[in-house]
Amino acid sequence: MFSPALEDIDRMAEPRRTTRGSRHFILILGLGIASMTAGPDLAGAQGTPDYLRPGLQPTPLGLDLYFLVPESNPLTAPKVALGQRLFFDPMLSADRSVACASCHLPEKAFADSVPFSAGARGGTAARNTPSLLNRAYGRAFFLDGRTSSLEETVLQPIQNPAEMAMELDETVARLGADSSYSREFLTVFDDGVTEDNLAFALASYVRTLRSGDASIDRFRQGDRTSLSADARAGLRLFTGGGNCIACHVGPTFTDEEFHNTGIFVGSGDVGRQGVTGESRDRGAFKTPSLRSVALTAPYMHDGSLPTLEAVIDFYDRGGDDNLALDDQIQPLGLSEVEKRQLIAFLRALGGVAPGSR
Ligand code: HEC
Ligand code: HEC
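Residues numbered from 1 in each chain as written. Chains lettered and ligands numbered in written order. Predicted model: local features only at pLDDT ≥ 70, side-chain atom pairs only at ≥ 80, totals over all residues.

K.L.:
Before we move on, can you summarise the site of ligand 2 with the specific residues and values?
P.N.:
Residues in contact with ligand 2 amount to 26 residues; listed here are only the nearest, Cys244, Cys247, Ile263, Tyr299 and His301. Contributing elements (two or more residues each) for the shell around ligand 2: helix H14 (308-316) and helix H15 (336-347). Of the residues belonging to the shell around ligand 2, the class tally is 16 nonpolar, 9 polar and 1 charged. (Near = placed C-beta within 6 Å. Helix = DSSP H or I, 4+ residues; strand = E, 2+ residues; numbered from the N terminus. Nonpolar A, V, L, I, M, F, W, Y, C, P; charged D, E, K, R; others polar.)

The structure is reproduced here in structure tokens:
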């Protein structure tokens, strides 16, 4: 009685294309995705692939085989290794106190466990640190979508005064003065340490952080035993009455679009409106992926919901009302049993805790 019909599962596969979605896509095309090629599936390594073993791994079960890699930044193993070294190095921050990994914790699916992460020089990040898993599939970056490629995205935290508080020329000078880094950059790039090469290496590493092969993927592949009865009922609610699938869709459970769920009423952060200036984008944030969501508490752009239970209670009451509330957000009237089932489903979307590096 609780097994979801096949069409429920199939609905998860394809993102719904909205008019807004296609316009956004064309905009990105205009900015130069034309120069991007589809990356080959990175086969070669042995065993179960996941972000426990960063590097060039085969595609985990349940994810798309292909993702976009800019032609100017081909994915190579030495470049990924350099990006990984940089990601864990506090030398990238002004006072050498904070690495990318201080906020994007590997054991928390590359998110953080506090509402706002601590930055260099006593700074505090303005938004909740998002997970970096599966961003290879992203089309818009940051919670307001202000960048459209990983290459454009990864230098911003270095320059952000609340995060790493560095000037880029100073970062380049610091890395260039380090003989080990300057040698390693030269083995990867002809022109050694430059701002572009720093972006290329960091973006390449982030691109390899993929998570799939979760209970839900094994279930969809035909292993009916991999989801508990509660999680199966939760899947039915997720794709049916709960209407979660309206936004959390596709292999990474996000439409990569921006929606107002009402959370901004408390935080005052206008989100997407800060980028587009449009009043209809007020309080809209990028739909987060739900892969490994059990590991990424607290939730939402301001980290205001401490647990998955609190998230489900929030959706159950229809979000927080405001003039721009997305019309897909409606009160759900869930029973306590149904809430538990939805949470069981969310826990089946990955979340094997890796040992930290
Ligand atoms: C002080 C904490 C902090 C540090 C250090 C930090 N980040 Fe972040 N990162 C964040 C926050 C917060 C956001 C979301 C910001 C926003 O949406 O405005 C973010 C967003 C991102 C995103 C976009 C993710 C998405 O889903 O759209 C990427 C990629 C990223 N960071 C990579 C890095 C890299 C690479 C470094 C190191 C060079 C780094 N971060 C350092 C806190 C941090
Ligand atoms: C109208 C689109 C939409 C619908 C429908 C929707 N979500 Fe969301 N979801 C979002 C957006 C946008 C955010 C981020 C909001 C923010 O950061 O303030 C979010 C955040 C979340 C988060 C927090 C993730 C994180 O990393 O912080 C969870 C969990 C979640 N949603 C689960 C669900 C579930 C379960 C349902 C169905 C009951 C659902 N969502 C329905 C758009 C939607």
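K.L.:
Hey, could you go over the confidence of the model for the protein chain for me, with residue numbers and the actual values?
P.N.:
If pLDDT is low for a region, its predicted coordinates should not be looked at in detail. Chain-level statistics for the protein chain give a pLDDT mean of 86 and a share of 83% at 70 or above. Here residues 1-10 is modelled with pLDDT under 50, and outside its nearest four sequence neighbours on either side it reaches 15 contacts, counting other chains as well. Taken together, the stretch residues 353-357 has pLDDT below 50 and engages in 10 contacts with residues farther than four places along the chain or on a different chain. (pLDDT = per-residue confidence, 0-100. Contact = placed C-beta atoms within 7 Å.)

K.L.:
Quick one: what's the story with the nonpolar core, residue by residue and with numbers?
P.N.:
Grouped together as the largest cluster of nonpolar side chains are 41 residues, with contacts concentrated most on Val154, Met164, Ala199, Ala201, Leu202, Ala203 and Val206. Of all the secondary-structure elements, those providing two or more residues to this core are helix H3 (77-87), helix H4 (100-103), helix H8 (179-188) and helix H9 (195-207). Per element, the largest residue contribution to this core is 8 residues, and it comes from H9. Leaving out residues up to four positions away in the same chain, Val154 has contacts with Ala199, Leu202, Ala203 and Val206. Counting residues in hydrophobic clusters, the runner-up holds 29 residues, among them Leu237, Phe253, Tyr299 and Met300. (Core = buried A, V, L, I, M, F, W, Y, C linked by C-beta atoms within 7 Å. Buried ≥ 20, exposed ≤ 12 C-beta atoms within 10 Å, placed from the backbone.)

K.L.:
Go over the site of ligand 1 with me, naming the residues and quoting the values.
P.N.:
Taken together, 29 residues form the shell around ligand 1, and within it Cys100, Cys103, Phe142, Leu143 and Pro157 come nearest. Partitioning the shell around ligand 1 into residue classes produces 18 nonpolar, 7 polar and 4 charged.

K.L.:
Describe the packing of H14 against H15, naming the residues involved and giving the relevant values.
P.N.:
Direction vectors running N to C along H14 and H15 enclose 125 degrees, while the axes themselves pass 10 Å from each other. Considering the angle they form, H14 stands oblique to H15. Along this stretch, H14 crosses H15, giving a crossing that reads as right-handed. Here Leu308, Glu309, Ile312 and Asp316 of H14 come into contact with H15, specifically with Lys339, Leu342, Ile343 and Leu346. Of the residues belonging to the contact of H14 with H15, the class tally is 5 nonpolar, no polar and 3 charged. (Axes fitted to C-alpha atoms, helices over the stretch in contact; angles between N-to-C directions. Parallel < 35°, antiparallel > 145°, perpendicular 65-115°, else oblique. Left-handed = near helix turned anticlockwise from the far one by under 90°.)

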